[in-house]
Amino acid sequence: MFPRILVANRGEIALRVIRACKELGVEAVAVYSQADRDAMYLKVADRAICIGKGPSTDSYLNIPRIIAAAEVADVQAIHPGYGFLSENPGFAEVCGASGFEFIGPPHEAIRKMGLKTEAKEIAAEAKVPCVPGSEGVVTSDTQALRLARQIGFPVLIKAAAGGGGKGMRICRDEAHLAEALQMARNEAEAAFKNASVYIEKFIDRPRHVEVQILADKSGHIVHCWDRDCTLQRRHQKLIEESPAPTLPLQVRQRLGESAVRLARVAGYVNAGTCEFLVDADHNFYFIEVNARIQVEHPVTEMVTGIDLVKQQIRIAAGEPLPFNQDEIVLRGHSIQCRINSEDPDHDFRPSPGRITALRIPGGPGVRWDSHIQVGYVVPPYYDSLLGKLIVHAPTRDEALATMRRALDELAIEGVQTTIPLHKRILRHPDFLTNHVDTTWVERVLLPPRSGPPSP
Ligand code: MV4
């Protein structure tokens, strides 16, 4: 095992990785920007190194500064967390070239998965169902028109280098196709410095179900079952749960097996997620791979009993997975609410500021993953996640009751939060009976006025 690891992230995930290090007997070295100098995760770490000013380009996205910190601290490995540099293949490669183990997939796998058209090609090769559409990028308007007629309108134009909903454009009829393609190409070039786009059939009101996988360096690959992350607002997830409710076991088994096949063909190592869209008839379609630990990983940990972050570190250190697929047995149901410092009354604009009071929920089946404390100042520079409230109970109905109770206990003062929104969702009959889809939050809970709904 590594004697010492650099945690190249901030906030709750930095704390989460530090906790895993401690339990493994690994020293954890934290990095921080000047805006995070008073953060609690720095006190829990064995050492903390300042890497620059508040803006992430000066700190958490600055590769030379992070490599310099790793050299100064004499670590053997670097954990990137999520966001920031976690899926940057150049960073993973530089880590290796500088003599540090990158705690994540090989840079080649990250690079392949970053191109959504390549990921789909690999999925197709692995006999994983994909959304009907172009094979690879579309190179001309005539090719696009031929394809769109074949698969039928509406179609979705997506950026090959995109993901997470960025750079998507719906096109409802052929009169608008050339124009939509051009706009999608422009957006893709501006956002990802890559104008390549591809076309998919538009799946109406899908659910978002993803599969957690773990792969060690000797080619042993397992899935840790599924998470339903359907409830989102503008591509920001709000609530995640595991297992996916009301999805038949047989479908969930095929999802898990598909994810493992895909990982095998991709040469994937470490933790990752395969994302699928699921339609009303329970048909599933692969859309993309997330080559990192995800914000919603705790719900999988609660139902499998597997510490995913510790497994990431063990895999990077060359250890074999300590379990087989048939030993990964789900117990009960887990739900996570993301608590953000946003103002639901003002279009969810960020609400930075000082936390003046905090009451943390507890009791049976409650987990609070958060870096905040009284006096903590939420900086304006980063995403607005304050913490994740996670519950675990024998059944979904019991987990819902535990979550309602825990949300009532949770109190955060000084900033606006998404707690009231979660309280509404946890009492809404559509959510309780799982009659939701990816458009539900914006369509039903927050009916427009606040802009056009996502496709
Ligand atoms: C889609 C889709 C419908 N049809 N692809 C958005 C995030 C990105 N990962 C993929 N996304 C979607 N792709 C086809 N062919 C609808 C979405 C989508 C969505 C997907 C998952 C979760 C929330 C979403 C919200 C809006 C749209």
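First, a word on scope: everything that follows refers to the structure included in this document. These numbers were taken from a predicted model, which means no experiment stands behind them.

Criteria and thresholds
- Residues numbered from 1 in each chain as written.
- Predicted model: local features only at pLDDT ≥ 70, side-chain atom pairs only at ≥ 80, totals over all residues.
- Heavy atoms only, no water.
- Core = buried A, V, L, I, M, F, W, Y, C linked by side-chain atoms within 4.5 Å.
- Buried < 20%, exposed > 50% of the residue type's maximum accessible area, 1.4 Å probe, protein only.
- Domains from an automatic or database assignment.
- Helix = DSSP H or I, 4+ residues; strand = E, 2+ residues; numbered from the N terminus.
- Arc of directions from axis to C-beta.
- Pairing = 2+ DSSP bridges.
- Axes fitted to C-alpha atoms, helices over the stretch in contact; angles between N-to-C directions.
- Contact = heavy atoms within 4.5 Å.
- Salt bridge = Lys/Arg side-chain N within 4 Å of Asp/Glu carboxyl O.

Remarks on the nonpolar core
1) Next: Counting 128 residues, the largest nonpolar core has Tyr41, Leu214 and Ile412 as its most contacted members.
2) Next: Two domains share this core, each providing at least three of its residues, namely domain 1 (4–103) and domain 3 (207–445).
3) Next: In terms of nonpolar packing, the next biggest core, distinct from the first, is built from 16 residues, Ala180, Leu181, Ala184 and Ala188 among them.

Points about helix α7 (residues 141–151)
1) Next: Along α7, the residues classified as buried are Gln143, Ala144, Leu147, Ala148 and Ile151. Seen end-on, α7 carries its buried residues on one side only, within an arc spanning 130 degrees. The outward face of α7, more than 90 degrees from its buried face, is lined by the exposed residues Thr142, Arg146, Arg149 and Gln150.
2) Next: Note on α7: the residue one or two positions beyond its end, Gly152, has a positive phi of about 90 degrees.

Remarks on the sheet that holds strand β8 (residues 197–201)
1) Next: In spatial order, the strands read β7-β6-β8; together these three strands make up an open sheet with antiparallel pairing. Two strands close off the open sheet at either side, each with one partner strand: β7 (169–171) and β8. Neighbour-to-neighbour, the strand axes of the sheet open up by a mean angle of 30 degrees, direction not taken into account.
2) Next: Relative to β8, strand β6 (residues 155–159) is paired through five bridges, and the arrangement is antiparallel. Across the sheet, Ile157 pairs through a bridge with Ile199, a residue of β8.
3) Next: Running at roughly 15 degrees to β8, α7 makes contact with β6 and β8 of the sheet.
4) Next: Along the sheet, helix α8 (residues 177–192) contacts β6, β7 and β8; its crossing angle with β6, the most-contacted strand, is approximately 25 degrees.

Re the pattern of salt bridges
1) Next: According to the stated counting rule, one finds 32 salt bridges in the structure shown.
2) Next: For the salt bridge of Glu23 with Lys310, the shortest nitrogen-to-oxygen distance reads 2.8 Å. Placement of the pair is Glu23 in helix α1 (residues 11–24) and Lys310 in helix α11 (residues 308–316), with a sequence separation of 287 residues.
3) Next: Residue Lys310 is classed as buried on the basis of its relative accessible area of 15%.

That is the geometry; function is a separate question.
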